[in-house]
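One letter stands for each residue in the lines below.
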Amino acid sequence: MNKFSVFIIRTVLGAMFAVVLSHFFYPEANKAYMAGLGIILVGLAYFAEYLRNRKNH
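So, a few notes on the structure that sits alongside this text. In this text, all values refer to a predicted model and were calculated from it rather than measured experimentally.

### Some words on the overall build of the chain
Each helix and strand in the chain was counted, giving two helices and zero strands. Against the globule reference of 10 Å for 57 residues, the chain gives a C-alpha radius of gyration of 13 Å, more extended than a compact globule. Counting only C-alpha atoms and orienting by the principal axes, one finds that the chain spans roughly 45 × 20 × 15 Å. Burial statistics for the chain: of 57 residues in total, 16% are counted as buried.

Listed below in structure tokens is the structure:
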């Protein structure tokens, strides 16, 4: 799987989890809050991958 496909999958999953989490914990959230949460989730996924790969080298 190439890096672009991984990015698309992470973006879609990040958006879905952001919507679910924001509706569950903060039902009055607007779309900007959900978008920010999605960006944070995708960023955390890449950070976790960085940490995982750093330990292997």
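### Here we look at helix H1 (residues 3-25)
Helix length check: H1, at 23 residues, gives a terminal C-alpha distance of 32 Å against a target of 33 Å (1.5 Å per residue), a fit within 8%. Buried residues of H1: Arg10, Gly14, Ala18 and Ser22, and no others.

### Concerning the packing of aromatic side chains
For the structure shown, the criterion picks out three aromatic pairs. Consider the rings of Phe24 and Phe25, whose centres lie 4.9 Å apart with planes at 85°: the pair is edge-to-face. Phe25 matches Phe24 in its accessibility class, with the two residues each being exposed. Here the guanidinium or amino end of Arg10 rests over the ring plane of Tyr46, the centre of that ring lying 4.5 Å away.

### Details of the environment of Ala45
Structurally, the position occupied by Ala45 is in helix H2 (residues 31-56). The partly exposed category is assigned to Ala45, whose relative accessible area is 27%. Along the primary structure Ala45 and Arg10 are separated by 35 residues, whereas in three dimensions their C-alpha atoms are 7.6 Å apart.

### Some points on the side chain of Ser22
Tracing the chain through its elements places Ser22 in helix H1. Among all residues touching Ser22, those that are not within four sequence positions of it are Pro27, Ala29, Tyr33, Met34 and Leu37.

### Side note on the side chain of Arg10
Following the sequence through the fold, Arg10 ends up in helix H1. Within the local environment of Arg10, its side chain forms a polar contact with the side chain of Glu49, the two groups lying 2.8 Å apart. Apart from residues lying up to four places away in sequence, Arg10 is in contact with Val42, Ala45, Tyr46 and Glu49.

Rules used in this analysis
Residues numbered from 1 in each chain as written. Predicted model: local features only at pLDDT ≥ 70, side-chain atom pairs only at ≥ 80, totals over all residues. Heavy atoms only, no water. Helix = DSSP H or I, 4+ residues; strand = E, 2+ residues; numbered from the N terminus. Rg over C-alpha atoms; globule rule 2.2 N^0.38 Å. Buried < 20%, exposed > 50% of the residue type's maximum accessible area, 1.4 Å probe, protein only. Expected span 1.5 Å × (residues − 1). Phe/Tyr/Trp six-rings, centres within 6.5 Å; stacked < 30°, edge-to-face > 60°. Lys NZ or Arg CZ within 6 Å of the ring centre and 35° of its normal. Contact = heavy atoms within 4.5 Å. Polar contact = N/O pair within 3.5 Å; in protein donor to acceptor, adjacent residues only side chain to side chain.

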